Amino acid sequence: MHELSLTQNLIEIAEEHARRENATVITSVTMEIGALSGVMPEAVEFAFEACTKNTLAEGASLEIRHIPALGRCQKCGQECEMESLLDGCSACGSYALDILKGQEMALIELEID
Ligand SMILES: [Zn+2]
């Protein structure tokens, strides 16, 4: 389950940030998950519980935002939102899309005390 290592990684980043700010507790964490990241939000929630034990983020609330992916058509240049790799270009129907965004999972907001 790669959600576990991804989540662990983001919690480490969150902790580093909180320590730099001399915070003692992380109260809330917001993560963004791209539609093409292959990451299951439920798995992240589960991993978050497990990974935050004995960290500054223990007991923190987790907000997960789903973001659509963005592709650019190799044929006509149209940029379109994608929910899966099976989505074609919204203008010409081509499936040759370069993925610009949406394959990542990222930490976007942190509340610390
Ligand atoms: Zn197109």
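Let me sum up the structure you'll find in this document. This one's a predicted model, so the numbers in the text were calculated from it and none came from an experiment.

Below, the discussion takes up helix 1 (residues 2–20). Here helix 1 is 19 residues long and its end C-alpha atoms lie 28 Å apart, about the 27 Å a rise of 1.5 Å per residue gives. Those residues of helix 1 that sit buried are Glu3, Thr7, Leu10, Ile11, Ala14, Glu15 and Ala18. Projected down its long axis, helix 1 shows its buried positions confined to an angular sector of 145 degrees, all on one face. Turned more than 90 degrees away from the buried face of helix 1, the exposed residues are Arg19 and Arg20. Of the surrounding elements, those touching the buried residues of helix 1 are strand 1 (26–34), helix 2 (41–51) and strand 6 (105–112). Following helix 1 by one or two positions, asparagine 22 has its phi on the positive side, about 60 degrees.

With distances of 2.3 to 2.4 Å, the protein atoms coordinating the zinc ion are Cys73 (SG), Cys76 (SG), Cys89 (SG) and Cys92 (SG). Metal-centred angles of 104 to 117 degrees between the four donor atoms at the zinc ion mark the site as tetrahedral. Each donor residue of the zinc ion lies on the same chain, and together they follow the pattern C-x2-C-x12-C-x2-C.

The strand order across the open sheet built from three strands is 2-1-6, with neighbouring strands paired in mixed fashion. Both edges of this open sheet fall to strand 2 (61–67) and strand 6, since each of them pairs with a single strand only. Direction aside, the axes of adjacent strands within the sheet are offset by 20 degrees on average. Across seven bridges, strand 1 lies against strand 2 in parallel orientation. Within strand 2, the residue paired with methionine 31 across the bridge is isoleucine 64. Here helix 1 sits on the sheet and contacts strand 1 and strand 6; the angle it forms with strand 6, its principal contact strand, is near 35 degrees. Docked against the sheet, helix 2 engages strand 1, strand 2 and strand 6, running at close to 155 degrees with respect to strand 2.

The rules behind the values
- Residues numbered from 1 in each chain as written.
- Predicted model: local features only at pLDDT ≥ 70, side-chain atom pairs only at ≥ 80, totals over all residues.
- Heavy atoms only, no water.
- Helix = DSSP H or I, 4+ residues; strand = E, 2+ residues; numbered from the N terminus.
- Expected span 1.5 Å × (residues − 1).
- Buried < 20%, exposed > 50% of the residue type's maximum accessible area, 1.4 Å probe, protein only.
- Arc of directions from axis to C-beta.
- Contact = heavy atoms within 4.5 Å.
- Donors = N, O, S within 2.8 Å, 3.2 Å for Na, K, Ca; no water.
- Tetrahedral: all angles 85-135°; square planar, octahedral: opposite > 155°, others 65-115°.
- Pairing = 2+ DSSP bridges.
- Axes fitted to C-alpha atoms, helices over the stretch in contact; angles between N-to-C directions.

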